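Structural features, examined
Residue-level listing of the chains:
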Amino acid sequence: MRNEVRTKLRPIVHWDDYKLDPRYFILVFLSLFAILGQVYLGFFQRWEAVFISISCTMLTELFLSRWRTGTWSFPLSGLITGIGVSLLLSSNVLWIYAVTAVMSISLKYVLRFKGGHIFNPNNASMVLVLVLLPQYAVSTPKQWTNGIEIMLLILILGILVCYVANRLDSVLTFIGSFTIFAFLRHLLYGAPLFAALGPLMGAGLQLFAFFMMTDPKSTPTTRKARILFAFLVALMDAVYRIQRIPNPQFYALFTISLLFIIPYRYWISRKESNITQ
């Protein structure tokens, strides 16, 4: 019983905690959209950008993992992150994809606390390149269109991935809170109602909710903490939208991760140490 409680109170998730590694489902989820984007939706990003992003994240993960653990292992997480870079980033120069990809993995090994990285790798790198290199990097969620077929596909696969990763509570809380804050922005700040609610029907926000908000390694391990975390991300997103800041969801997740994850892991570690005594 005590070991079961300790497992629930771990400050970070270990992939071997799962009967089915959710990374394989995430890989299928993102790969499908990368292919659909190139073949069916005519994405701005070229195939070269996809290959560069994936190659750089996998190579960086391969060597940094070897440096940290002393063993060679297939960079599955790097592959997933690389696809994420190619989906989130848009640029007319290819080198920015390489920079973002290397940064995504490097930050995961540098910005750590209590045995795990603090930020979602794709989120942290996107925020940095959007702030530091805005002349080269943008995010273009509109390229996904709002076609009902795409929306349904994202919804079905997203729910499956979140269920396997035990993060469905985070998505439902974020979407529900986003809806509430959209109505408040309409009532209190005069935002057009359909414009305030519109992002919910866009693939960009849905991919953010299903992909970034549910990363087991950079989100809380307990349900109550995940619900609070998702609510705070939605709240910060609303604040940034009121200030008319582009890509508010990226900055919201980055801000809440910075303010929430470190004290949360410290608190969980203290509770875990008390159980062992």
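The name given to the chain in an unreviewed UniProt entry is RnfABCDGE type electron transport complex subunit D, and the organism recorded there is Paenibacillus provencensis.

1. Brief notes about the overall build of the chain
The number of helices and strands found in the chain is 12 helices and two strands. The C-alpha radius of gyration computed for the chain amounts to 18 Å, which stays within 12% of the reference 19 Å derived for 277 residues, consistent with globular compactness. Summarising the internal contacts of the chain: among those between residues at least 6 apart in sequence, 76% fall at separations of at least 24. Surface exposure of the chain reaches about 13,600 Å², of which carbon and sulfur atoms provide 68%. Side-chain charges of the chain comprise 24 positive and 11 negative groups, with the mean position of each set lying 7 Å from the other.

2. Examining helix α4 (residues 76-88)
The terminal C-alpha atoms of α4, which comprises 13 residues, lie 19 Å apart, in line with the 18 Å expected from a rise of 1.5 Å per residue. In terms of burial, α4 is largely enclosed, as 13 of its 13 residues are buried.

3. Description of the confidence of the model for the chain
On average, the chain scores 88 in pLDDT, and the residues at 70 or more come to 92%. Helix α11 (residues 223-242) holds the highest mean pLDDT among the elements of the chain, 97, whereas helix α1 (residues 2-8) holds the lowest, 47. A low-confidence stretch, residues 1-5 (pLDDT under 50), is modelled with four contacts involving residues beyond four sequence positions or located in other chains.

4. As for a nonpolar patch on the surface
A grouping of I180, L184, L187, L188, Y189 and I242 is seen on the molecular surface, where their side chains present a nonpolar patch of about 640 Å² in accessible area. The leading source of residues in the nonpolar patch is helix α8 (residues 168-189), at five residues. Following the sequence through the fold, I242 ends up in helix α11.

5. Thoughts on the nonpolar core
Judged by nonpolar contacts, the single largest core of 68 residues is most densely connected at F29, I154, F174, F208 and V233. A per-element tally of this core places helix α12 (residues 248-276) first, with nine residues. With residues near it in sequence (within four places) discarded, I154 still touches F29, F33, A203, Q206, L207 and F210.

6. Description of the UniProt feature "transmembrane region" (unreviewed entry) in the chain
UniProt annotation of "transmembrane region" (unreviewed entry) refers to residues 24-41, 71-88, 118-138, 144-164, 171-188, 194-213, 225-243 and 249-268 when read in the numbering used here. Secondary structure across residues 171-188 divides into 100% helix and 0% strand, with the first and last C-alpha atoms of the span separated by 25 Å. Taken end to end, residues 194-213 is 70% helix and 0% strand, and its first and last C-alpha atoms sit 24 Å apart.

What counts and how
Residues numbered from 1 in each chain as written. Predicted model: local features only at pLDDT ≥ 70, side-chain atom pairs only at ≥ 80, totals over all residues. Heavy atoms only, no water. Helix = DSSP H or I, 4+ residues; strand = E, 2+ residues; numbered from the N terminus. Rg over C-alpha atoms; globule rule 2.2 N^0.38 Å. Contact = heavy atoms within 4.5 Å. Areas by Shrake-Rupley, 256 points an atom, 1.4 Å probe, with all protein chains shown as cover. Lys, Arg positive; Asp, Glu negative; His and termini not counted. Charge placed at Lys NZ, Arg CZ, Asp CG, Glu CD. Expected span 1.5 Å × (residues − 1). Buried < 20%, exposed > 50% of the residue type's maximum accessible area, 1.4 Å probe, protein only. pLDDT = per-residue confidence, 0-100. Patch = residues over 30% accessible without salt bridge, like charges linked within 9 Å, V, L, I, M, F, W, Y side chains within 5 Å. Salt bridge = Lys/Arg side-chain N within 4 Å of Asp/Glu carboxyl O. Core = buried A, V, L, I, M, F, W, Y, C linked by side-chain atoms within 4.5 Å. UniProt positions renumbered as here; feature names shortened; annotations may be inferred.

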